[in-house]
Amino acid sequence: MLKVRNISHNFQIKNKQIPVLEDVSFDIEEQEFVSIIGPSGAGKTTLINILAGYLKPTKGEATLSSKTIKKPGKDRVVISQEEDLFDWMNIYENVKFGVNKNQETVNKYIELVGLKDFANSYPHQLSGGMKKRASLARALAAEPKFILMDEPFGSLDYQTRETIHKEVLNIWQKTKKTALIITHDIEEAIYLSNKIIVFSERPARIKKIIKIPFSYSRKNSIKNSSEFIKIKNEIKDLISNEF
Amino acid sequence: MTKPQMKQKLITFITLIVLWQGVFLILGPQNYILPSPKNTALTFIKVFESGEIIKHIFVSLKRVVIGFTLASVTGVFLGLILGYFKKAGSYFHPIVEILRPIPPIAWIPIAILIFGLGNGSAYFIVFLGAFFPIFTNTFFGVKSLPRVYKNVALSFEVTKFIFFKKILFYFSLPYIFTGLRIGIGMAWMSVIAAELIGAQSGLGYFIQLNRLLLQTEKIIIGMILIGMLGYFLNKIISILEKRLIPWKI
C-alpha cells in the first residue's frame, strides 16, 4: 500500500520559493489503478518524481509498504512521458535491462504486450505505440510492487491510444499491478482506473477523489454509458472551475 | 555506387584532366610551376616501380596509426571520465579550452626540442591534432545524456559499472565516432605538417624534398597521394561507424 502524507513541495527559482504541491495526502491500495488528473503545470510530474525517489519533498513523506521512499528503487518503476528505451539495445535487451530474470520471463512479458515478433528490432524500427508497449514490458519484467506512469500515452495519436488502453486493461487484469497514472485525458483516466484524484491548479491541492464504479472487465462501450458521461462532466467542471 | 554516380564522378575527373592540360599549354612546356598530366602520370608509375614512394607512404601511415590510436584511447577515456565526474571536468575543461585553439603546427618547434627530428615529434603532433576533437566530442556526448536514461538506471538500481558500460558508453558512441572522423582528418593533416618541418621521411618530407629538387611532378604526385590516402582513412572510420552503430539507421 502506498501512503502519501501531507506532501508539499517548493521549487526555488533564484531567491523565490514557488510552491508546486500543497499538503497532498492520499492512499493507493494494492491492485488499485489510480489516475491523477489536473491542469498542466500543476505539479503532477513533481509528485511522480517524489514517489519515484528522484526528488525529496519539502514537507511530508510517502511510504510504500510502510517504508519511507527516500531514493529510486526497483519496487517502483517509472514509465516516462518521453521515450525511455535505450536506442542501442533491441527490444529483448531493453526489457531484460536491469532485471536478473531468465529468458523465459523476459519473453513472457514481451509476448504479453504483443511484441513477440519484434524482440530483435531496435526502438527506431518501431512505431510510437509499440515503443510505449516495450517500456511497459520493461517495467512489468522488473515485477515491481508499483508502476508509475507519467502521461505515458500523451504523445500517441487517438487511434493508437484507444488500442493501447484496451491492452493496458487486459494486462492489468492478468498482472493485477498497483499503478498510478498521470494524464490530462479525462476519458483515459475514467476508462483505465478505479479511482481518480483531481488536482487543482498550481500549487496543486487535491480537489476531489472520485471512485469509478465500473468493474475491471470493462469494454470500450462504457464510454457511452450515462454513468461514464456523468463522471466525465463532473471532472470537466472541477478542472474548468479553475479558470 | 550507382551507375549515374559513377558517370558523374568520371565526368568530373575527365574535366579536371582537360583543364589541367589546358593550363599547362597556356604556361608552356618549360614552366616550373605545373608539369603536364602525361609527364606526371609517367613519373607516378616510375616512383612506384622504383619503390621510393612506398617507403614514404608507409612511414606516414604508421605515424598516423600510432598517434591516432593513442589519441583515441586517451581522448575517449578522458572524455567519458571527465564528462561523468562533473567536479573533475570543471577543473580540467578550462585547460582544454586554452590548449585546443593552438594549431598542431604551432607545437612543432617545441616538439622538435623535446623529441628531436623524426618519429617522436610526428607521433606527438598527430596525437595533439587528433586528441582534441575526439576528447571534446566524447565529453559533450556524455554531457548530453538525457535525464530520462539516468532515471531509468536509478530506478533499476544498476551499478555504476553497468551504467558506464551499458548506457553511458553506448549513448556516447555516435558522438565518439564524430570525434574519430574529425580526428583522423586532423591526424593526417598533422602528420604531413610535421613531416614538412620536422622529419626526414614520409609524404610531407617527400614533397618538401622535391620542392628543393624542383621536381614539380613529384610534388603533385605527393599531393595527390596525400588527398587519396586521407580520403581512405576517413572511409575506414565511416565503415567502422556503420558497422558498430547499427541502431542509428
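Residues numbered from 1 in each chain as written. Chains lettered and ligands numbered in written order. Predicted model: local features only at pLDDT ≥ 70, side-chain atom pairs only at ≥ 80, totals over all residues. Heavy atoms only, no water.

J.: Please give an account of the overall build of chain B that cites residues and values.
T.: For chain B, the count of helices and strands is 10 helices and zero strands. The helix and strand sequence of chain B, counted from the amino end, reads α-α-α-α-α-α-α-α-α-α. A compact globule built from 249 residues would reach a C-alpha radius of gyration of about 18 Å, whereas chain B, at 22 Å, exceeds it by more than 25%. If you line up chain B on its principal axes, its C-alpha atoms span 75 × 50 × 30 Å. Within the span of chain B, comprising 249 residues, buried residues form 43% of the whole. Restricting the contact set of chain B to residue pairs at least 6 apart, pairs at least 24 apart contribute 74%. On chain B, roughly 14200 Å² of surface is accessible, and the fraction owed to carbon and sulfur atoms is 73%. Across chain B, the centroid of the 24 positively charged side chains sits 9 Å from that of the 7 negatively charged ones. (Helix = DSSP H or I, 4+ residues; strand = E, 2+ residues; numbered from the N terminus. Rg over C-alpha atoms; globule rule 2.2 N^0.38 Å. Buried < 20%, exposed > 50% of the residue type's maximum accessible area, 1.4 Å probe, protein only. Contact = heavy atoms within 4.5 Å. Areas by Shrake-Rupley, 256 points an atom, 1.4 Å probe, with all protein chains shown as cover. Lys, Arg positive; Asp, Glu negative; His and termini not counted. Charge placed at Lys NZ, Arg CZ, Asp CG, Glu CD.)

J.: Tell me what's going on with the sheet that holds strand β5 (residues 67-68) of chain A, and back it up with residues and numbers.
T.: The pairing of strands in a sheet comes from backbone hydrogen bonds and takes either a parallel or an antiparallel form. Residue and element names in this part refer to chain A. Here we have four strands laid out as an open sheet, ordered β2-β1-β4-β5, and antiparallel in their pairing. Every other strand in the sheet has two partners, leaving β2 (16-28) and β5 as the edge strands with one partner each. Pairing geometry for strand β1 (residues 2-13) and β2, over nine bridges, is antiparallel. Along β2, the bridge assignment pairs L2 with I28. Lying on the sheet, helix α1 (residues 44-52) is in contact with β1, β2 and β4 (59-64); it crosses β1 at an angle near 120°. (Pairing = 2+ DSSP bridges. Axes fitted to C-alpha atoms, helices over the stretch in contact; angles between N-to-C directions.)

J.: Account for the interface of chain A and chain B, with residues named and values stated.
T.: Taken residue by residue, the interface counts 23 residues in chain A and 16 residues in chain B. Buried area between chain A and chain B, summed over both chains or domains, comes out near 1900 Å², and the portion from carbon and sulfur atoms is 71%. Counting the surface chain A buries against chain B, the share from its top three residues, Y54, W88 and F97 of chain A, is 37%. Across the contact surface, chain A and chain B share zero salt bridges. Linking chain A to chain B there are seven residue pairs in polar contact (both at pLDDT 80 or more). (Buried area = accessible area lost by both parts, 1.4 Å probe. Salt bridge = Lys/Arg side-chain N within 4 Å of Asp/Glu carboxyl O. Polar contact = N/O pair within 3.5 Å; in protein donor to acceptor, adjacent residues only side chain to side chain.)

J.: Can you lay out the pattern of salt bridges for me, pointing to particular residues and giving the numbers?
T.: All names here are of chain A. In total, this model carries 16 salt bridges over all chains according to the counting rule given. The partner of K223 in a salt bridge is E162, and the shortest N-O contact between them spans 3.3 Å. Within this pair, whereas K223 is found in the loop between β10 (206-211) and α7 (226-240), its partner E162 is found in helix α5 (residues 158-175), the two being separated by 61 residues in sequence. Residue E162 is classed as partly exposed on the basis of its relative accessible area of 22%. In this structure, a network of salt bridges that share partners links the residues E32, K195 and K211.

J.: Explain a nonpolar patch on the surface residue by residue, including any values.
T.: All names here are of chain B. On the surface, a nonpolar cluster with roughly 480 Å² of combined accessible area is contributed by L10, F13, I14, I17 and V18. Position of F13 relative to the elements: it lies in helix α1 (residues 3-27). In this structure F13 comes out as exposed when scored by relative accessible area, which is 53%. (Patch = residues over 30% accessible without salt bridge, like charges linked within 9 Å, V, L, I, M, F, W, Y side chains within 5 Å.)

J.: Would you mind going over the packing of aromatic side chains in detail, with residue names and values included?
T.: Applying the stated criterion to the full structure yields 25 aromatic pairs over all chains. Note on F86 of chain A and F97 of chain A: the rings are 4.9 Å apart at their centroids and 65° apart in plane angle, and the pair reads as edge-to-face. One end of the pair, F86 of chain A, is in the loop between β6 (76-79) and α2 (91-96); the other, F97 of chain A, is in the loop between α2 and α3 (103-112), and 11 residues separate them in sequence. Judged on exposure class, the residue F86 of chain A and its partner F97 of chain A are both buried. Their ring planes at 75° and their centres at 5.9 Å tell us that W107 of chain B and F124 of chain B sit as a pair that is edge-to-face. Residue W107 of chain B is found in the loop between α4 (86-99) and α5 (108-115), and its partner F124 of chain B is found in helix α6 (residues 119-143); the two are separated by 17 residues along the sequence. Classification of W107 of chain B as buried rests on a relative accessible area of 18%. Feature note: the residues F86, W88 and F97 of chain A together with Y149, F156, F169, Y170, F171, Y175 and W247 of chain B constitute an aromatic cluster, connected by ring pairs. When the ring centre of F86 of chain A is taken as reference, the NZ or CZ atom of R138 of chain A above it lies at 5.3 Å. (Phe/Tyr/Trp six-rings, centres within 6.5 Å; stacked < 30°, edge-to-face > 60°. Lys NZ or Arg CZ within 6 Å of the ring centre and 35° of its normal.)

J.: Run through the sheet that holds strand β3 (residues 33-37) of chain A, naming residues and quoting values.
T.: Residue and element names in this part refer to chain A. Taken together, the six strands give an open sheet; going across it, the order is β6-β7-β8-β3-β9-β10, and neighbouring strands pair in mixed fashion. The open sheet has two edge strands, β6 and β10, and neither has a second partner. Within the sheet, the average angular offset between the axes of one strand and its neighbour, ignoring direction, is 15°. Across five bridges, the pairing between β3 and strand β8 (residues 178-183) is parallel. Residue F33 lies in a different strand from β8, and its bridge partner there is A179. Taken strand by strand, helix α4 (residues 128-141) contacts β6 and β7 (146-150), and its axis lies near 175° from that of β6.

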